[in-house]
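Results of the structural survey
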Amino acid sequence: MTLTRASPAKLNLALSVGAPDANGYHPLASWMVATEFHDTLTLEHADRPSLDVRFASDALGQHTVDWPSDKDLTWRALLLLAQHTGHQHPLRITVEKRIPPGGGLGGGSGNAATLLVAANQYLDLKLSDTTLKSHAAQLGSDVPFFIDALQGRPSCLATGYGEQLTPAPHPHPLSLVLIWPGIGAPTGPVYKTFDQLNPNAAVNLPAVRNLINSQPLGHDQPFNDLARPAMHAQPALRDQHQRITNCIERPVHITGSGSTLYVIARDDSEAHTIATQITDRLKLDAVATKTLADQ
Ligand SMILES: C[C@](O)(CO)[C@H](O)COP(=O)(O)OP(=O)(O)OC[C@H]1O[C@@H](n2ccc(N)nc2=O)[C@H](O)[C@@H]1O
Ligand SMILES: Nc1ncnc2c1ncn2[C@@H]1O[C@H](COP(=O)(O)OP(=O)(O)OP(=O)(O)O)[C@@H](O)[C@H]1O
């Protein structure tokens, strides 16, 4: 018997960031939404635990697995479960990746959360959401969001460092195009550049709430305080952003700390047209997808 689950990507449709606390982490407010675009995680019983990560032929961009397996967030999630239950879980884990690593779509974070939720179900561990989220928070600031997303809450207002989550209504899914600019953007350095550019930053929670309350969202409405720092840290990303904006003549946004860019389309058909335009004219990898609506 195998268990297969989609491990979604996330978008920060709104991201407001404050100056770092004494511990160096940044308080934030973000409207986070999971997408149909996903990695696929499979669990099978085996003699011993193992992990196989590979990129699918329809991945967004060309990537290789360039991180060691003991640093893989999926593997680290399995180790946390072993620590919690006091014994190893002999699972064969396969992750088929489409989400670009270091792309601001939270691919690795989503894989970790999917492992926690799927193994809890597959092994009948009966861990509560609170326990799953406390493991999730140890693995990364974005991981708790994916626990909610996988349990039927794909749209949330995230506060604190991103781990305090309140479901946000999202009745109408958005049609989108995700674009891989060919450059990754590591999260830590982008936050450092944010500090240099915004020494007195404060979180603007009302602006994030306003966006959640102004659905359906117009294509120019998303905002992201990390967009400028991401492009400042990586001028090549700014150039790609400009090229794409010129090509499709509408606002191009950035998710998380980058580097994935995205565009809101009128409907699925327009999203497919824009994705094809970007691929044909700019030779960049682009995929049409949707946000996941409330269930
Ligand atoms: C940019 C976002 O994706 C927005 O959702 C997240 O804030 C990043 O979440 P993440 O990738 O899960 O981040 P983590 O793995 O927890 O942290 C990576 C690095 O980002 C910085 N970091 C992260 C979250 C936060 N609220 N403040 C920070 O300063 C820290 O330097 C940290 O060392
Ligand atoms: N299962 C995994 N999938 C992808 N990357 C992983 C995984 N496990 C560990 N990593 C490492 O974590 C880094 C960040 O991966 P991730 O896909 O979460 O980036 P991200 O989308 O930029 O995340 P965020 O938006 O949370 O900053 C990768 O560059 C890679 O070195």
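Basis of the calculations
- Residues numbered from 1 in each chain as written.
- Chains lettered and ligands numbered in written order.
- Predicted model: local features only at pLDDT ≥ 70, side-chain atom pairs only at ≥ 80, totals over all residues.
- Heavy atoms only, no water.
- UniProt positions renumbered as here; feature names shortened; annotations may be inferred.
- Pairing = 2+ DSSP bridges.
- Helix = DSSP H or I, 4+ residues; strand = E, 2+ residues; numbered from the N terminus.
- Near = heavy atom within 4 Å.
- Polar contact = N/O pair within 3.5 Å; in protein donor to acceptor, adjacent residues only side chain to side chain.
- Areas by Shrake-Rupley, 256 points an atom, 1.4 Å probe, with all protein chains shown as cover.
- 1 Å grid on protein atoms, 1.4 Å probe; cavity = no way out; pocket = protein on both sides within 12 Å on 5 of 7 lines; lining within 4 Å.
- Sits in = over half its atoms within 2 Å of the grid points.
- Nonpolar A, V, L, I, M, F, W, Y, C, P; charged D, E, K, R; others polar.
- Contact = heavy atoms within 4.5 Å.
- Domains from an automatic or database assignment.

An unreviewed UniProt entry lists the protein chain under the name 4-diphosphocytidyl-2-C-methyl-D-erythritol kinase, with Mucisphaera calidilacus as the source organism. UniProt lists a comment for the protein chain under the heading Pathway (unreviewed entry), and it reads "Isoprenoid biosynthesis; isopentenyl diphosphate biosynthesis via DXP pathway; isopentenyl diphosphate from 1-deoxy-D-xylulose 5-phosphate: step 3/6." Under Sequence similarities (unreviewed entry), UniProt gives the following word-for-word description of the protein chain: "Belongs to the GHMP kinase family. IspE subfamily."

Pairing geometry for strand β3 (residues 50–55) and strand β4 (residues 91–97), over six bridges, is parallel. Looking across to β4, one finds that Val-53 is bridged to Val-95.

Moving on to the site of ligand 2. The environment of ligand 2 is made up of 20 residues, and the closest members are Leu-73, Gly-104, Gly-106, Asp-142 and Thr-187. Take Gly-102: an N or O atom from its main chain is 3.1 Å from an oxygen atom of ligand 2. Bound to the protein, ligand 2 loses 81% of the 610 Å² it would expose on its own. According to the grid-proximity analysis, the pocket containing ligand 2 is the largest pocket. Put simply, the parts of the chain that give the shell around ligand 2 at least two residues each are α1 (73–85) and α2 (107–122). The element best represented in the shell around ligand 2 is α2, accounting for four residues. Each residue belonging to the shell around ligand 2 can be placed in one class, and the counts come to four nonpolar, eleven polar and five charged.

This part takes up the UniProt feature "binding site: ATP" (unreviewed entry) in the protein chain. In this numbering, the UniProt entry assigns the feature "binding site: ATP" (unreviewed entry) to Pro-100, Pro-101, Gly-102, Gly-103, Gly-104, Leu-105, Gly-106, Gly-107, Gly-108, Ser-109 and Gly-110. The annotated residues that sit in the lining of the largest pocket are Pro-100, Pro-101, Gly-102, Gly-103, Gly-104, Leu-105, Gly-106, Gly-107, Gly-108 and Ser-109. The residue Gly-107 is located in helix α2 in this model. Turning to its location among the elements, Gly-110 is positioned in helix α2.

Relative to the helices and strands, Leu-91 resides in strand β4. Along the sequence, Leu-91 and Ala-119 sit 28 residues apart, while their C-alpha atoms lie 8.7 Å from each other. Beyond its immediate stretch of four places on either side in the chain, Leu-91 contacts Leu-43, Glu-44, His-45, Ala-46, Arg-48, Pro-49, Ser-50, Leu-78, Ala-119, Tyr-122 and Leu-123.

In this section: the site of ligand 1. Near ligand 1 you find 18 residues, and of these Asn-12, His-26, Ser-141, Asp-142 and Tyr-191 are the closest. One of the side-chain N or O atoms of Lys-10 is found 3.1 Å from an oxygen atom in ligand 1. The separation between an oxygen atom of ligand 1 and a polar side-chain atom of Ser-141 is 2.6 Å. Notes on ligand 1: free accessible area 630 Å², of which the protein chains cover 80%. Taken together, the elements giving at least two residues each to the shell around ligand 1 come down to β1 (2–17), β2 (28–45) and α5 (187–197). Among the elements that make up the shell around ligand 1, the one with the highest residue count is α5 (three residues). Its residues assigned to classes, the shell around ligand 1 comprises six nonpolar, ten polar and two charged. Counting only domains with at least three residues in the shell around ligand 1, you end up with domain 1 (2–167) and domain 2 (175–290).

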